[in-house]
Number of protein chains: 2
Amino acid sequence: MFERRKPIPIGEAVKRIMEYQLLGVTEQVTINESYGRFLSEDLIATSDVPHFDRAPYDGFAVRSIDTREAALTNVVEFEVVDHIGAGMVSTKLIGEHQAVRIMTGAMMPEGTDAVVMFEVAKAYEKNGIPYMSIKRSFKKGDNVSYSGEDAKQGEILVKKGTLINPGIQAMLATFGYERVTVAKKPRVGLFATGTELLEVNEALVPGKIRNSNSHMIAAQIERTGGIVHYFGKLPDEFDTCFEAVQNALNEVDLLITTGGVSVGDFDYLPAIYEKLGAEIFFNKVAMRPGSVTTVAQHNGKLLFGLSGNPSACYVGFELFARPIIRRMLFSEKPHLRKEQALLEVDFPKANPFTRFVRSSTFIDSGRLKATPSGLDKSNIIMSLSGANSLMILPGGTRGYTAGCEVEVLLLEDQVGSEWPW
Amino acid sequence: MFERRKPIPIGEAVKRIMEYQLLGVTEQVTINESYGRFLSEDLIATSDVPHFDRAPYDGFAVRSIDTREAALTNVVEFEVVDHIGAGMVSTKLIGEHQAVRIMTGAMMPEGTDAVVMFEVAKAYEKNGIPYMSIKRSFKKGDNVSYSGEDAKQGEILVKKGTLINPGIQAMLATFGYERVTVAKKPRVGLFATGTELLEVNEALVPGKIRNSNSHMIAAQIERTGGIVHYFGKLPDEFDTCFEAVQNALNEVDLLITTGGVSVGDFDYLPAIYEKLGAEIFFNKVAMRPGSVTTVAQHNGKLLFGLSGNPSACYVGFELFARPIIRRMLFSEKPHLRKEQALLEVDFPKANPFTRFVRSSTFIDSGRLKATPSGLDKSNIIMSLSGANSLMILPGGTRGYTAGCEVEVLLLEDQVGSEWPW
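Residues numbered from 1 in each chain as written. Chains lettered and ligands numbered in written order. Predicted model: local features only at pLDDT ≥ 70, side-chain atom pairs only at ≥ 80, totals over all residues. Heavy atoms only, no water.

1. Considerations on the overall build of chain A
Scanning chain A from terminus to terminus reveals seven helices and 24 strands. Radius of gyration (C-alpha) of chain A: 32 Å, far over the 22 Å computed for a compact globule of 421 residues. Each principal axis of the C-alpha atoms in chain A carries an extent, and together these give about 105 × 50 × 40 Å. Taking all 421 residues of chain A together, 56% fall into the buried category. By sequence separation, contacts in chain A at least 24 residues apart represent 72% of the contacts at least 6 residues apart. (Helix = DSSP H or I, 4+ residues; strand = E, 2+ residues; numbered from the N terminus. Rg over C-alpha atoms; globule rule 2.2 N^0.38 Å. Buried < 20%, exposed > 50% of the residue type's maximum accessible area, 1.4 Å probe, protein only. Contact = heavy atoms within 4.5 Å.)

Next up, the structure:
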């Protein structure tokens, strides 16, 4: 009756999953659809930026050679022969002591090599012809933005695997990427198991609870960057159930089940894995919560058997499913970002196994601090809402006191870790 | 020719905008559409959690009174009269020295008040009838999760204005929120101005650049939680342009323009505000970049005239438009979150005005540190891609040295500040 499972260390469990190479796939979307997606190719400058010499300020474009003699005691006068705004190109040939009135961003007229800002010039008219004069000299290049100053054509500006943010959107537009090559969202299938589960729209009855895990995991999949295929509750009958899993596997890259993976009397996931002939990577991990997590592989698809316990389910997804999804999004840092923080309160509970405590991590006067976001009872979903991190409390200790240094895994962060274990 | 504008302090500029109450609107979405939206009502527990007494572990439900005499030297035996999994309800009446085999999550059978975990029980059969025995006593409530232990019906569990995360999804499901009341996404209109602007699909020509600001701001609007209405480039002709702005105002809550707001010779936004009869909150702010930002109000709609300079445009949106959008999303902390960090490198530039430097803020051994993410030239868009924060360098200083404490505004954070100024 008691199947004995051998727990393996967390790092080893993660390693077994990550050694199994699920490769990301690329697709093209329009620039307007690309915010929040992951680049699957490096972003390369398709031209210099700026791609012409330009004025970074409003002023007068001049030949610096004509300003050489200008000084407080020697006013030098220029005839203003043209007037251009950004986007305009002067067609005038600029001769000795001639200037072009120029606005920020406009292309430097041919022959000019410096910009006199309005503030240091005096503008006036003589017989209806505009002039300006200065009392100081300018060097070649003064107040000029040179072609290629910000970026050179061919330069790699952003590495693949990067989440597209507003700044990257600006760069994509600058370089004419009307279509953007991004990682296709991995398709993640989701089954719930458990005769105790009601749908969200069903009324409560004694002994039954609403299925919250599926909604939670669906949001975790979205947060990670995957796309959710919810297949509903697995049927109670074994053969129908087996067929449902087999069919679902054809439609997705990863298949997640919640519940039914334990050694409880009504847990039949292990039998399904066996009948599939799936290769089991592990079925027990030395951690709390989530020790009964099972991960397996079948015909190139990964199966994640997460616990039906909400906290264990949450942690299991983040530790085991997230990194493989992020890898498929071309990330070089697919794991949750790990940082050090000071424990804010005592955590007196003894820890035979490494424990992941849902926590609120915050910054206090520039220092990272963390506090458990609820009582650490494994069936409490309430504490999940305020959690932005998982505190790692290594096993084999008698508890922790406030002020201790602890490690935290940041849940809402997009930077990630290469390998936190 | 030179319009003289009076710059006002940043805090005063933000205050003038926030005093103008644009109210958020509520809408209902299905739970499956609600991830990433903002709650516009407090999330209230519609039942106790758990809503029945249940077993938190696999084991045997017993009457604690029957275990009183059990000890290492006194084995007490129980007849196992039923066997239930989660979601099942035992119909048996439990008598003296009777037990029910029970799985995690199942409802405590009537009359039982403690659970004996499998590990401390010995299970066996006598004449085909299942029995178990124990060598220790249990108290009433041992290993029982009581109704209401995690949440009480009527309790406020999450405040309105909170971004819905995976944990909140779980709670919404638990409490049967098939439809969720969320903030309607504010409609933010967007116009670009500038004869120098090419569309993303146009080839570069001398003097012209592709319009990157609109794509950048569109992504910033999305990141903030608004919905983008892009109206394209404003026409060059004043009357057509005025009409376009007037019509757009009818379709949106906020209208953002980029460029044309300065005092350059081709900037006609000020004339549009004048002809509209808009109430100007300010048209110059004592800050760099972004000093020429204009914010106005007309018929209950806010107009944001952001600079055409990419960095100024970016900063102007985050400081002035973001908080009003977040307020419309019912947030109590609508401003960018402000934290203290250590400056990683020297920043020798003198600062007559408060400067916002695009920065990369990171955690090093539990301490927040920040470093400018590119050269601080106001026309460089490259530095925007790596920026996750804006460093605030107060005006009236001669520069800063590495190791200084500086303040940073976090761009990717969802917590926010109540009032950072």
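2. Overview of the interface of chain B and chain A
On the chain A side, the residues contacting the 82 residues of chain B number 82 residues. Together chain B and chain A conceal approximately 6900 Å² of surface at their shared face, both sides included; 61% is due to carbon and sulfur atoms. Summed over the shared surface of chain B and chain A, the number is zero salt bridges. Between the two partners, chain B and chain A, sit ten residue pairs in polar contact (both at pLDDT 80 or more). For the side of chain B that touches chain A, the elements supplying multiple residues, two or more each, are strand E4 (76-84), strand E9 (156-158), helix H2 (166-174), strand E13 (209-210), helix H3 (213-224), strand E20 (337-343), strand E22 (367-372) and helix H7 (382-385) of chain B. Per-element accounting of the side of chain B that touches chain A gives the leading share, nine residues, to H2(B). (Buried area = accessible area lost by both parts, 1.4 Å probe. Salt bridge = Lys/Arg side-chain N within 4 Å of Asp/Glu carboxyl O. Polar contact = N/O pair within 3.5 Å; in protein donor to acceptor, adjacent residues only side chain to side chain.)

3. Details of the relation of the copies chain B and chain A
The second copy of the chain is related to the first by a rotation about an axis and a shift along the axis. When chain B is brought onto chain A, the operation consists of a screw motion whose angular component is 180° and whose axial shift is 0.0 Å, with 0.1 Å RMSD remaining. What the rotation and shift describe, once combined, is the action of a two-fold rotation axis. The position closest to the rotation axis in chain B is occupied by the C-alpha of Arg367(B), lying 2.4 Å away. Looking at the interface residues of chain B, 100% of them are also at the interface in chain A, so both copies use one shared face. (Least-squares fit on C-alpha atoms with pLDDT ≥ 70 in both.)

4. Overview of the sheet that holds strand E19 (residues 301-306) of chain A
Residue and element names in this part refer to chain A. In space, the six strands of this open sheet follow the order E14-E11-E15-E19-E18-E16, with mixed pairing throughout. The strands lining the two open edges of the sheet, one partner per strand, are strand E14 (227-233) and strand E16 (279-282). Across the sheet, the mean angle separating the axes of adjacent strands is 20° when strand polarity is ignored. One ladder, built from five bridges, connects strand E11 (residues 187-192) with strand E15 (residues 254-258); its direction is parallel. The residue bridging Val188 from the neighbouring strand is Leu254, located in E15. Along the sheet, helix H5 (residues 269-276) contacts E15, E16, strand E18 (294-298) and E19; its crossing angle with E19, the most-contacted strand, is approximately 165°. (Pairing = 2+ DSSP bridges. Axes fitted to C-alpha atoms, helices over the stretch in contact; angles between N-to-C directions.)

5. Side note on the state of the cysteines
Residue and element names in this part refer to chain A. Counted according to the given criterion, the structure contains zero disulfides over all chains. The thiol of Cys313 is not disulfide-bonded; the next cysteine sulfur, from Cys241, is found 17 Å away. When its relative accessible area of 0% is taken as the criterion, Cys313 is described as buried. (Disulfide = S-S within 2.5 Å.)

6. Let's talk about the packing of aromatic side chains
Residues and elements named next belong to chain B. Scanning all chains against the criterion turns up 14 aromatic pairs over all chains. Look at Phe238 and Phe242: their rings are 6.5 Å apart centre to centre, the planes differ by 20°, and that puts the pair in the stacked class. Of this pair, Phe238 and Phe242 both sit in helix H4 (residues 238-251), four residues apart, which is roughly one turn of that helix. What makes Phe242 buried here is its relative accessible area of 9%. Arranged with centres 5.4 Å apart and planes meeting at 55°, the rings of Phe282 and Phe320 form a pair that is tilted. Of this pair, Phe282 sits in strand E16 (residues 279-282) while Phe320 sits in helix H6 (residues 310-328), placing them 38 residues apart in sequence. (Phe/Tyr/Trp six-rings, centres within 6.5 Å; stacked < 30°, edge-to-face > 60°.)

7. Describing the domain arrangement of chain A
Residue and element names in this part refer to chain A. With domains assigned, chain A is organised as domain 1 (10-24 + 185-328), domain 2 (28-50 + 149-183), domain 3 (59-134) and domain 4 (337-410). Facing the 13 residues of domain 1 at the interface are 13 residues of domain 4. Both sides together, the interface formed by domain 1 and domain 4 hides about 1200 Å², and carbon and sulfur atoms give 69% of it. Of all residues in domain 1, Arg288, Ser311 and Tyr314 bury the most surface against domain 4, accounting for 41% of the area lost on that side. Across the contact surface, domain 1 and domain 4 share zero salt bridges. Where domain 1 meets domain 4, there are three residue pairs in polar contact (both at pLDDT 80 or more). For the side of domain 1 that touches domain 4, the secondary structure elements donating two or more residues are strand E17 (287-288) and helix H6 (310-328). For the side of domain 1 that touches domain 4, the leading source of residues is H6, giving six residues. Class assignment of the residues belonging to the side of domain 1 that touches domain 4 gives a composition of nine nonpolar, two polar and two charged. (Domains from an automatic or database assignment. Nonpolar A, V, L, I, M, F, W, Y, C, P; charged D, E, K, R; others polar.)

8. What to know about the pairing of strand E19 (residues 301-306) of chain B
Residues and elements named next belong to chain B. By the criterion of burial, E19 is predominantly enclosed, with six of the six residues buried. Side chains of E19 alternate between two faces, with Lys301, Leu303 and Gly305 and Leu302, Phe304 and Leu306 buried alike. As paired strands, strand E15 (residues 254-258) and E19 are joined by five bridges and run parallel to one another. Across the sheet, Ile256 pairs through a bridge with Phe304, a residue of E19. By the bridge criterion, five bridges tie strand E18 (residues 294-298) to E19 in an arrangement that is antiparallel. Note that in E19 the partner of Gln297 across the bridge is Leu302. In this antiparallel pair of consecutive strands, E18 and E19, the connection spans two residues, and Asn299 shows a positive phi of 50°.

9. Focus: the pattern of salt bridges
All names here are of chain A. According to the stated counting rule, one finds 30 salt bridges over all chains in the structure shown. The salt bridge involving Arg367 is made with Glu405; its shortest N-O contact spans 3.8 Å. Of the two residues, Arg367 sits in strand E22 (residues 367-372) while Glu405 sits in strand E24 (residues 405-410), which places them 38 residues apart along the sequence. Looking at Glu405, the relative accessible area reads 46%, which means it is partly exposed.

10. Description of the side chain of Gln297(B)
All names here are of chain B. Tracing the sequence through the fold places Gln297 in strand E18. A polar contact of 3.4 Å, which involves the side chain of Gln297, links it to the side chain of Tyr20. Only 2.6 Å separates the side chain of Gln297 from the side chain of Glu279, close enough to count as a polar contact. Those residues in contact with Gln297 that sit more than four places away from it in its chain are Tyr20, Ala278, Glu279, Phe281, Leu302 and Leu303.

11. Some remarks on the side chain of Asp66(A)
All names here are of chain A. Note on placement: Asp66 falls in the loop between strand E3 (59-62) and strand E4 (76-84). Engagement of the side chain of Asp66 in a polar contact is seen with the backbone nitrogen of His97, the distance being 2.8 Å. When near neighbours in sequence (up to four residues on either side) are disregarded, Asp66 contacts Val76, Phe78, Gly95, Glu96, His97 and Gln98.

12. Remarks on the sheet that holds E18(B)
Residue and element names in this part refer to chain B. Ordered in space as E14-E11-E15-E19-E18-E16, the six strands form an open sheet in which the pairing is mixed. Since the sheet does not close on itself, it has two edges, and those belong to strand E14 (227-233) and E16, each with one partner. Strand-to-strand twist across the sheet, computed as the mean angle between neighbouring axes with direction ignored, equals 20°. Strand contacts of H3: strand E11 (187-192), E14, E15 and E19, with the helix running at about 170° to E11, the strand carrying the most contacts.

13. Here we look at the packing of helix H2 (residues 166-174) of chain A against H3(B)
Look at H2(A) against H3(B): their axes get within 7 Å of each other, and the N-to-C directions meet at 155°. Overall, the two elements H2(A) and H3(B) adopt an arrangement that is roughly antiparallel. The way H2(A) lies across H3(B) gives a crossing that is right-handed. Facing H2(A), whose interface residues are Pro166(A), Gln169(A), Ala170(A) and Ala173(A), H3(B) presents His215(B), Met216(B), Ala219(B), Gln220(B) and Arg223(B). Classifying every residue of the contact of H2(A) with H3(B) gives five nonpolar, three polar and one charged. (Parallel < 35°, antiparallel > 145°, perpendicular 65-115°, else oblique. Left-handed = near helix turned anticlockwise from the far one by under 90°.)

14. Here's the deal with the environment of Lys349(B)
Residue and element names in this part refer to chain B. Looking at the secondary structure, you find Lys349 in the loop between E20 and strand E21 (354-364). What makes Lys349 partly exposed here is its relative accessible area of 37%. Sequence separation of Lys349 and Ala71 is 278 residues, and the distance between their C-alpha atoms is 78 Å.

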